[in-house]
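# Observations on the model geometry
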Amino acid sequence: MANTHEPLTVLERLASGPDRAARITHTEHVPPRLGRHADWPDQIRPEVIDAVRAAGIERPWEHQARTAAYAITGTSTVVATGTASGKSLAYLVPALSTVLDGAEAPNGRGATVLYLAPTKALAADQRRAVAELAAPLGTAVRPAVFDGDTPFEEREWVRLFANYVLTNPDMLHRGLLPAHARWSSFLRALRYVVVDECHTYRGMFGSHVAQVLRRLRRLCARYGSEPVFLLASATSADPEEAAGRLTGVPVTAVTEDTSPRGELVFALWEPPLTELHGERGAPVRRTATAETAELLTDLATQGVRTVAFVRSRRGAELVSLIAQDRLAHVDRTLPGRVAAYRGGYLPEERRALERALHSGELLGLAATTALELGVDVSGLDAVLITGYPGTRASLWQQAGRAGRTGRGALAVLVARDDPLDTYLVHHPESLFRHPVESTVLDPDNPYVLAPHLCAAAAETPLTEADAKLFGPEYGRLLEQLGRRGLLRRRGSSWYWTKRERAADLTDIRGGGGKPFQVVEEGTGRLLGTVDAGAAHASVHEGAVHLHQGRTYVVNRLDLDDAVALVEESSPPWSTVARDTTAISVLETETAVPWGDGTLHFGAVEVTHQVVSYLRRKLVTGEVLGESKLDLPPRTLRTRAIWWTVTEDQLDAARVGPEILAGALHAAEHASIGLLPLFATCDRWDIGGVSVPLHQDTLLPTVFVYDGHPGGAGFAERGFRTAREWLTATREAIASCECEAGCPSCVQSPKCGNGNEPLHKAGAIRLLDQLLAGAA
């Protein structure tokens, strides 16, 4: 950075406006670090080492050399080091060396490499990196992207000639594995499977990817190959265990980061209270979206290159829209230098934005996590993080996008008005003094495994020999799928019985069906897509939908054809859906006494129905009105943690019948808000219900459940860390400055009951009683 872009200087300028300094609750200084070099292993081809030197890298860092040494000797390895620590080179060097060895093999195809990225943008970015590094090696290395954006005429060339194929788990699941016979020469020669950004494969998505990788290993074995897995991860707890669970093979971890790092100034920023009042008269803070847009405007005006990470697609669009509007009043040339970037864009739109960011044409970008994952956005000076991203791993991954060339950088976490963000900005030790989380995934979840067994049977019949690969539920699920008529047993093998593609049974992103298309009604133009699971809440009739800085209103949601028809409009409000939820206990797997109370974990059935939506004023968030909706209910079988309290405990806590529902409801909201601190999820991955007298427990009960079929491991993690989790919940409520409850402690942005009733003091007393008997 130039002096004017030194991180402390930039932060001082941001804090110099009226009342700005008070918004910074903590500033963390992460000091620079010197690097330690090593030599590449002797087995690496000298041509590859020369190519790396030609790229300006004389010697590797120690962790790169160590990873390459494991890889070249056939040991599956995960390198879990910081952002911009050179993880890509650690797996690229042994992969290119092996491909070069294979190019000299008499069969022509030689060795192949399969690279998996969680996003198309990252795969495209890595393809550029591979091509640049391998350029001095001539035509021996032939990298190519194979994903949904690859033109059909190119796909045949990739299948026949490419030896370094870059794709994503979705395309592997739907495109490559079902067509394995046509890919047989590639799979037969497969030496390495690179799994990049593997910490993102968590919860339901991670569980699906784990089964896709088992199907890949099964087909490789059929063709006579046993590829080595090379995984790259942000720093995480137990990367060795998580990588082993993901791949199903033993994995060795390299975790010491020996690369140099520039200074990072990390500020925690809390938006101010406004004059407005929200539900039940609660004080309302300025929205994190509006605050981020203002900070992005200030940074762009100063020429500070910035990415603002925003959790939702709508939020990214809003930040971009507000910043562009503000910049237009400063300099008419500036609005065009700020844009939004999110999933759901058409391929050509994404590529154009990536090019503009690389070239420096864009000064500011409001992006979803599609840009968090390793895409090389070199030259950034600052990162804004709009709301805690759900895990410390993601927080540091996003913060690490700035200063990637070793210079100093600024990161600012802008708190949302919710319990977790408020807790974190006032308890910085939870972010800066605690290790990152373990990755939670459950490949044995029967809702995950069953459709993959169908897909595997369609690829090649299943036999008893596959039981070890697919785990303990294998035999039971085969019989169940046979009874459902999806599989048929002939002799000792199981076959897929349908004409439909078995791979289409599941959406590995956990969307729960094919995406809904968003279509402009007047022109028939496809604007983008929305996940099926989110369609009822996000593209219902009357919903405001943002795309590429333009605002649309949904005229009709066609559930049968999965289409939302929209027209361009500019209402001065956004919309938020409201739903109702009922829950029943299917099976209690574990119950632990906590004094008179009891903590449970087990299977539940949840019934959701989106019943209305609120219109909220842009920027301020003020509620303008509510409109009813008529949408069908949807059921979900999943896992939950729930706790019950007795009449004696209620008496001791001074929680009478008149405040019981409010106390339980407040405790439920706050516990949902704090669970992401203990499990690798965010509050939108989980849900909750509280009932003064539940039909199955016959006691006052609070449920917190996984928002995915069969469960995603989050509620189970909550059960295992219940004492710490509920203690933090109690502290978050008690330490909030408000009197009766607000969005910073017990109000929820997705409450289906309009945050009624809530009783803050009752929740604290109730949790005190429960925790007094904690096991």
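Report on the accompanying structure. (Residues numbered from 1 in each chain as written. Predicted model: local features only at pLDDT ≥ 70, side-chain atom pairs only at ≥ 80, totals over all residues. Heavy atoms only, no water.)

## Things to note about the sheet that holds strand 20 (residues 526-530)
Heads up, the rule is: Only strands that DSSP links by at least two bridges are regarded as paired with each other. Runs of E in the DSSP output that reach at least two residues are strands. Runs of H or I that reach at least four are helices, and both are numbered from the N terminus. With axes taken as lines fitted to C-alpha atoms, and helix axes fitted only over the stretch in contact, angles between N-to-C directions fall between 0 and 180 degrees. We call two residues in contact whenever any of their non-hydrogen atoms come within 4.5 Å of each other.
Across the sheet, five strands lie side by side as 20-19-23-22-21; this open sheet has mixed pairing. Each end of this open sheet is capped by a strand with a single partner; those strands are strand 20 and strand 21 (544-547). Shown here is a sheet whose adjacent strand axes are inclined to one another by a mean of 35°, direction ignored. Where strand 19 (residues 516-520) meets strand 20, four bridges bridge the pair, whose relative direction is antiparallel. Residue V518 lies in a different strand from strand 20, and its bridge partner there is G528. Across the sheet, helix 12 (residues 313-328) touches strand 20, strand 21 and strand 22 (550-558), and the angle it forms with strand 21 is around 65°.

## What about the pattern of salt bridges?
This is how the line gets drawn: One speaks of a salt bridge when a side-chain nitrogen belonging to Lys or Arg is within 4 Å of a carboxyl oxygen belonging to Asp or Glu. With a 1.4 Å probe rolled over the protein chains alone, any residue whose accessible area is under 20% of its type maximum counts as buried; one over 50% counts as exposed, and the rest are partly exposed.
Enumeration according to the criterion identifies 38 salt bridges in this entry. The residue R128 makes a salt bridge to D125 at a minimum N-O spacing of 3.0 Å. In this pair, R128 and D125 both sit in helix 5 (residues 120-134), three residues apart, roughly one turn of the helix. Of the residues examined, R128 reaches a relative accessible area of 32% and is grouped as partly exposed. By relative accessible area, D125 is classed as buried at 7%.

## Quick word on helix 24 (residues 722-735)
Worth spelling out the cut-off: To estimate the expected span of a helix, subtract one from its residue number and multiply by 1.5 Å. Directions from the helix axis toward the C-beta atoms define the arc.
In this model, helix 24 (14 residues) spans 20 Å end to end at C-alpha, consistent with the 20 Å of a helix rising 1.5 Å per residue. Buried residues of helix 24: A722, W725, L726, A728, T729, A732 and I733, and no others. Mapping the buried residues of helix 24 onto a view down its axis gives an arc of 155°, with all of them on the same face.

## A word on the environment of R261
We count it as follows: The definition of a polar contact used here is a pair of N or O atoms within 3.5 Å, where within protein one atom must be able to donate a hydrogen and the other to accept one, and adjacent residues in sequence count solely through side-chain atom pairs.
Along the polypeptide, R261 turns up in the loop between strand 8 (252-254) and strand 9 (264-269). Residues R261 and S612, 351 residues apart in the sequence, show an inter-C-alpha distance of 49 Å. The contact partners of R261, leaving out residues within four places of it in the chain, are V30, P31, P32 and R33. A polar side-chain atom of R261 sits 3.2 Å from the main-chain carbonyl oxygen of P31.

## What to know about the packing of helix 9 (residues 203-222) against helix 17 (residues 446-459)
Keep this limit in mind: When an angle is under 35 degrees it counts as roughly parallel; over 145 it counts as roughly antiparallel; between 65 and 115 it counts as roughly perpendicular; any other value is oblique. Helix crossings get a hand from a simple test, with the near helix turned counterclockwise from the far one by less than a right angle marking a left-handed crossing and a clockwise turn marking a right-handed one. Under the convention adopted here, Pro, Cys and the residues Ala, Val, Leu, Ile, Met, Phe, Trp and Tyr are nonpolar, Asp, Glu, Lys and Arg are charged, and Gly plus all remaining residues are polar.
As a packed pair, helix 9 and helix 17 sit with axes 10 Å apart at the nearest point and diverge in direction by 25°. Here helix 9 lies roughly parallel to helix 17, going by the angle between them. Between helix 9 and helix 17 the crossing geometry is right-handed. Here helix 9 contributes M204, S207, H208, Q211, V212, R215, R218, L219 and R222 to the contact with helix 17, which in turn contributes V448, L449, H452, A455, A456 and E459. The residue makeup of the contact of helix 9 with helix 17, split by class, is seven nonpolar, four polar and four charged.

## So, the sheet that holds strand 5 (residues 164-167)
On the basis of which strands lie adjacent, the open sheet formed by seven strands has the order 4-5-3-6-7-2-8 and parallel pairing. Unpaired on one side and paired on the other, strand 4 (143-145) and strand 8 mark the two borders of the sheet. Looking at each pair of strands side by side, their axes are set apart by 20° on average, direction ignored. Summarising the sheet, strand 4 and strand 5 pair through three bridges and their orientation is parallel. Each residue of the ladder has a partner; that of A144, found in strand 5, is V165. Against the sheet, helix 4 (residues 87-103) contacts strand 2 (77-80), strand 3 (112-116), strand 5, strand 6 (190-195) and strand 7 (228-233), and its axis sits at roughly 165° relative to strand 6.

## Some words on unusual backbone geometry
With a phi close to 50°, E197 is a non-glycine residue in the positive phi region. Its location among the elements puts E197 in the loop between strand 6 and helix 9. Owing to a relative accessible area of 4%, E197 belongs among the buried residues under this scheme. Phi at A562 is positive, roughly 55°, even though this residue is not glycine. Along the chain, the position of A562 falls in the loop between strand 22 and strand 23 (563-568).

## Comments concerning empty space enclosed by the protein
Put simply, the rule reads: Residues are called lining when one of their atoms sits within 4 Å of a cavity or pocket point, these points coming from a 1 Å grid over the protein atoms alone, where a cavity is a set in which a 1.4 Å probe fits but cannot get out and a pocket is an open set with protein on both sides within 12 Å along at least five of seven lines. Grid points are joined across faces, edges and corners, and a volume is the space filled by probe spheres set on the points.
In the structure shown here, the tally under the stated rule is two cavities of 30 Å³ or more. The space that makes up the largest cavity amounts to roughly 70 Å³. The dominant element in the lining of the largest cavity, judged by the number of residues it contributes, is helix 10 (residues 239-247), at four residues. Lining the second largest cavity are 10 residues, with R311, R416, L420, P676 and R683 sitting closest to its centre.

## With respect to the nonpolar core
Spelled out, the test is: Among buried residues, those of type Ala, Val, Leu, Ile, Met, Phe, Trp, Tyr and Cys that are joined through side-chain atoms within 4.5 Å constitute a nonpolar core.
If you look at the biggest cluster of nonpolar residues, it comprises 84 residues, and the most contacted ones within it are F266 and W643. Top contributing element to this core by residue count: helix 22 (residues 657-674), with nine residues. Dropping the residues within four chain positions of it, F266 is found in contact with H26, T27, E28, I385, L395, W396, A399, A411, L413 and F432.

## As for a nonpolar patch on the surface
Note the cut-off: Candidates for patches are residues over 30% relative accessible area with no salt bridge; among them, like charges are joined within 9 Å and nonpolar side chains (Val, Leu, Ile, Met, Phe, Trp, Tyr) within 5 Å. For accessible areas, the Shrake-Rupley method is used with a probe of radius 1.4 Å. Any residue's cover is judged against the shown protein chains and nothing else.
A cluster of nonpolar side chains, W157, L160 and F161, forms an exposed patch at the surface whose accessible area comes to about 290 Å². In this structure, F161 sits in helix 6 (residues 152-161). Residue F161 is classed as partly exposed on the basis of its relative accessible area, which comes to 43%.

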